[in-house]
Amino acid sequence: MTNNSVKIKTRFAPSPTGPAHIGSIRTALFNYLLSRKLGGFFVLRIEDTDKERSKIEWEHMLLKSMTWLGFDWDEGPIMIEGQESMFDNNSYDIKYIGENGPYRQSERTEIYKKYLQKMLDEGHAYYCFCTKEEVEAQKGYLMSIGESPVYKGTCRNITKEDAEERIKQGKKCVIRFKSPEKHKIVFEDLIKGKIEFDSETLGDFVIAKNLETPLYNFTCVVDDYEMGITHVIRGEDHVSNTPKQIIMFNALGVKPPIFAHIPLILGQGKKKLSKRDAETSLEEYYHEGYLPEAIINFVAFLGWNPGTEKEIYSMKELIEDFSVEKIQKSGAIFNSEKLDWINGLYIRKKSIDQLTKLCIPFLIEANLIKRHAAGTYLTVDTEELIPTYKIEKSVALYQERMKKLLEIAEFTDFVFKKDIDYDKSLLKWKAMTEEETIVSLEKSLELIRSIINFDKENIEKVIFSEAEKMPNRGDLLWPFRVALTGKQSSAGPTEIAELLGKEKCLDRIELAIKKIKYA
Ligand code: GLU
């Protein structure tokens with residue numbers, strides 16, 4: 001596949017018309033992996049020819065998403081150093097790296113103009129003055145006789161002088177590519193194999209509205225050529241663009257890149273991918289607490305499979321094991337439960353220190369803690385200093401359960417809040433009456449009071465030895481745990497009691513008793 005003397009060059013060429021999502025990141029990833037695997041280059045190019053829909057904000061978001069996910073590129077726009085903080089609302093200064101810039105198509109008009117003029121001069125393209133209505137009528141007629149509804153070249157033979165004269169007179173026109181007649185366009189797709197198109201099905205398509213306004217298929221060809229792109233991996237939805245691009249490369253007298261069209265991403269049961277999964281932005285994944293490593297690992301498996309049991313891959317390992325041959329031909333299935341599972345796995349791989357650092361922004365966002373001087377934190381409710389080891393302990397208690405970092409706030413809010421809110425019926429274990437629940441809670445109160453050295457071992461000794469005496473351990477442990485957390489499920493009661501400290505435990509149990517008695 002590769003020529004050892006020439007380094008391969010791939011590119012990711014998104015249109016900044018919306019946020020980056022899983023589908024676009026997959027295209028970026030496969031191109032990235034291929035270039036890194038073969039020691040080549042990776043280019044990021046912004047395809048903003050659609051002026052109405054392209055926005056600089058989307059471009060910034062895209063750069064942030066890619067930076068967050070751990071991509072690096074050899075050419076293209078990058079955010080100026082020191083600004084690569086995550087998804088905040090700042091706007092960013094951007095510079096280009098690489099020698100083939102600018103890397104925004106909107107800044108390459110002069111380059112395209114040169115190539116358009118060359119195509120016109122050499123007779124590969126021509127000005128077309130047909131009105132929209134005329135073109136539509138022609139297409140309608142062709143359909144009625146069972147032919148492809150394409151532009152058949154009415155204006156093909158207008159001479160250059162005639163065309164220039166009409167333009168001078170202010171006649172509206174577009175620039176069309178002169179497709180070769182009765183010609184088979186064949187290319188070997190690295191994933192799909194041999195693909196054939198008949199040039200008759202393309203017709204003479206529009207490549208520019210005018211010299212200053214080229215359209216996607218044309219700009220893409222010029223850029224892939226000018227930037228020395230050797231391999232193009234992109235979504236299957238671009239297959240129909242490929243023959244058009246190939247005949248334009250031919251017209252320029254240059255070799256087209258090698259194409260690989262990746263299968264669509266489908267939803268469960270091979271249905272169309274849900275709007276949510278298709279459109280969830282990377283920023284949203286970030287805000288829900290997905291880790292970049294988990295997203296990369298998940299996305300890699302959307303259509304690629306190493307053919308082994310191994311499912312957990314770092315970016316480095318992906319680079320080592322990636323090959324286009326292992327991209328599957330059929331649609332990739334998006335399974336959000338699998339993403340959660342992988343994310344949970346990466347969460348469990350973190351050290352407590354790392355995980356706490358990642359969770360703190362979520363606790364702040366949930367208004368449970370706030371930053372204080374020099375890396376310390378206060379609870380929002382009572383403005384008490386909350387030692388880092390306490391945050392770490394809270395995080396550690398839930399490391400096993402967390403699927404997304406966002407969940408930390410809901411799991412541990414009882415640690416940071418002054419008052420917890422829950423329904424008193426939750427305090428009852430199975431068929432317990434209110435009276436029995438009060439008796440149980442009063443027992444806990446007495447036991448907690450009796451513990452001098454309030455650590456997990458002592459709490460466990462005292463509480464469990466009493467619980468074992470009951471007909472069912474839950475008779476003591478359930479009301480006790482709910483009183484401390486206000487939650488149906490949580491980590492174990494003794495760890496929680498230790499984390500809260502004696503005073504807070506006593507307050508909460510007393511409150512629970514009052515809740516039953518008076519609420
Ligand atoms: N700008 C195109 C898109 O975002 C990509 C074109 C290509 O990869 O050739 O769909």
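The following paragraphs examine the structure supplied in this document. A quick note: this is a predicted structure, and the numbers were derived from the prediction, not measured.

The local shell around the ligand consists of Arg11, Ala13, Pro14, Ser15, Glu47, Tyr216, Cys220, Arg234 and His238. Here Tyr216 contributes a side-chain N or O atom positioned 2.8 Å from an oxygen atom of the ligand. Alone, the ligand offers 300 Å² of accessible surface; in the complex the protein occludes 79% of this. Taking a 2 Å distance to the grid points as the criterion, the majority of the atoms of the ligand fall inside the largest pocket. Across the shell around the ligand, the residue classes tally to four nonpolar, two polar and three charged.

Turning our attention to the nonpolar core. Judged by nonpolar contacts, the single largest core of 111 residues is most densely connected at Met66, Phe71 and Ile295. Beyond its immediate stretch of four places on either side in the chain, Ile295 contacts Ile22, Trp68, Leu69, Leu282, Tyr285, Tyr290 and Leu339. Of all hydrophobic cores here, the second largest spans 43 residues; its members include Phe187, Leu202, Val222 and Phe259.

In this structure, the largest pocket encloses a volume near 1000 Å³. Forming the walls of the largest pocket are 40 residues, and the residues nearest its centre are His21, Ser24, Thr27, Asp237 and His238. Secondary structure elements with two or more residues in the lining of the largest pocket: strand E1 (9-12), helix H1 (22-37), strand E11 (231-235), strand E13 (265-266) and helix H8 (275-279). Among the elements that take part in the lining of the largest pocket, H1 stands out by supplying six residues, more than any other.

This next bit is on the side chain of Glu288. Tracing the backbone through its elements, the reader meets Glu288 in helix H9 (residues 282-288). Apart from residues no more than four positions distant in its own chain, Glu288 is found in contact with Arg276, Phe362, Lys404, Leu405 and Leu406.

Right, let's talk about the environment of Ala467 for a bit. Within the element layout of this structure, Ala467 appears in helix H17 (residues 456-469). Once the C-alpha coordinates of Ala467 and Leu477 are considered, the two residues, 10 residues apart in sequence, prove to be 6.8 Å apart. In this structure, Ala467 is in contact with Asn472, Arg473, Leu476 and Leu477, ignoring residues within four places of it in sequence.

Attention now moves to the pairing of strand E5 (residues 125-128). A two-sided burial pattern is seen for E5, the buried positions comprising Ala125 and Tyr127 on one face and Tyr126 and Cys128 on the other. Examined bridge by bridge, E5 and strand E6 (residues 174-177) share four bridges and lie antiparallel to one another. Residue pairing in the sheet places Tyr127 in a bridge with Ile175 of E6.

All right, on to the sheet that holds strand E16 (residues 377-379) then. One open sheet holds the three strands; their spatial order is E15-E16-E17, and the pairing between them is antiparallel. Here the strands that pair on one side only, and so sit at the sheet edges, are strand E15 (369-371) and strand E17 (385-386). Inspection of the sheet shows E16 paired to E17 by two bridges, in the antiparallel sense. Counted as the bridge partner of Leu378 is Leu385 from E17. Packed on one face of the sheet, helix H13 (residues 352-365) meets E15 and E16 and runs near 110° to E15.

This part is about the sheet that holds E5. A sheet is described by the order of its strands in space; here four strands give the open sequence E5-E6-E9-E10, paired in antiparallel fashion. The open sheet has two free edges, formed respectively by E5 and strand E10 (213-214), since each of these has just one partner strand.

Within helix H10 (residues 292-300), eight of the nine residues are buried, leaving the element largely enclosed by the surrounding structure. For H10, every residue scored as buried is listed here: Pro292, Ala294, Ile295, Ile296, Asn297, Phe298, Val299 and Ala300. Elements in contact with the buried residues of H10: H1, helix H2 (56-69), H9, helix H11 (315-321) and helix H12 (336-349).

Turning our attention to the packing of helix H14 (residues 388-398) against helix H15 (residues 407-416). Axis separation between H14 and H15 bottoms out at 10 Å; the angle between their running directions is 135°. By the angle class used here, H14 and H15 are oblique. Our pair here, H14 against H15, has a crossing hand that is right-handed. Side by side, H14 and H15 meet where Ile391, Ser394, Val395 and Tyr398 of the first sit next to Ile408, Phe411, Thr412, Phe414, Val415 and Phe416 of the second. Of the residues that constitute the contact of H14 with H15, the class distribution is eight nonpolar, two polar and no charged.

What counts and how
Residues numbered from 1 in each chain as written. Predicted model: local features only at pLDDT ≥ 70, side-chain atom pairs only at ≥ 80, totals over all residues. Heavy atoms only, no water. Near = heavy atom within 4 Å. Polar contact = N/O pair within 3.5 Å; in protein donor to acceptor, adjacent residues only side chain to side chain. Areas by Shrake-Rupley, 256 points an atom, 1.4 Å probe, with all protein chains shown as cover. 1 Å grid on protein atoms, 1.4 Å probe; cavity = no way out; pocket = protein on both sides within 12 Å on 5 of 7 lines; lining within 4 Å. Sits in = over half its atoms within 2 Å of the grid points. Nonpolar A, V, L, I, M, F, W, Y, C, P; charged D, E, K, R; others polar. Core = buried A, V, L, I, M, F, W, Y, C linked by side-chain atoms within 4.5 Å. Buried < 20%, exposed > 50% of the residue type's maximum accessible area, 1.4 Å probe, protein only. Contact = heavy atoms within 4.5 Å. Points joined across faces, edges and corners; volume = space filled by probe spheres on them. Helix = DSSP H or I, 4+ residues; strand = E, 2+ residues; numbered from the N terminus. Pairing = 2+ DSSP bridges. Axes fitted to C-alpha atoms, helices over the stretch in contact; angles between N-to-C directions. Parallel < 35°, antiparallel > 145°, perpendicular 65-115°, else oblique. Left-handed = near helix turned anticlockwise from the far one by under 90°.

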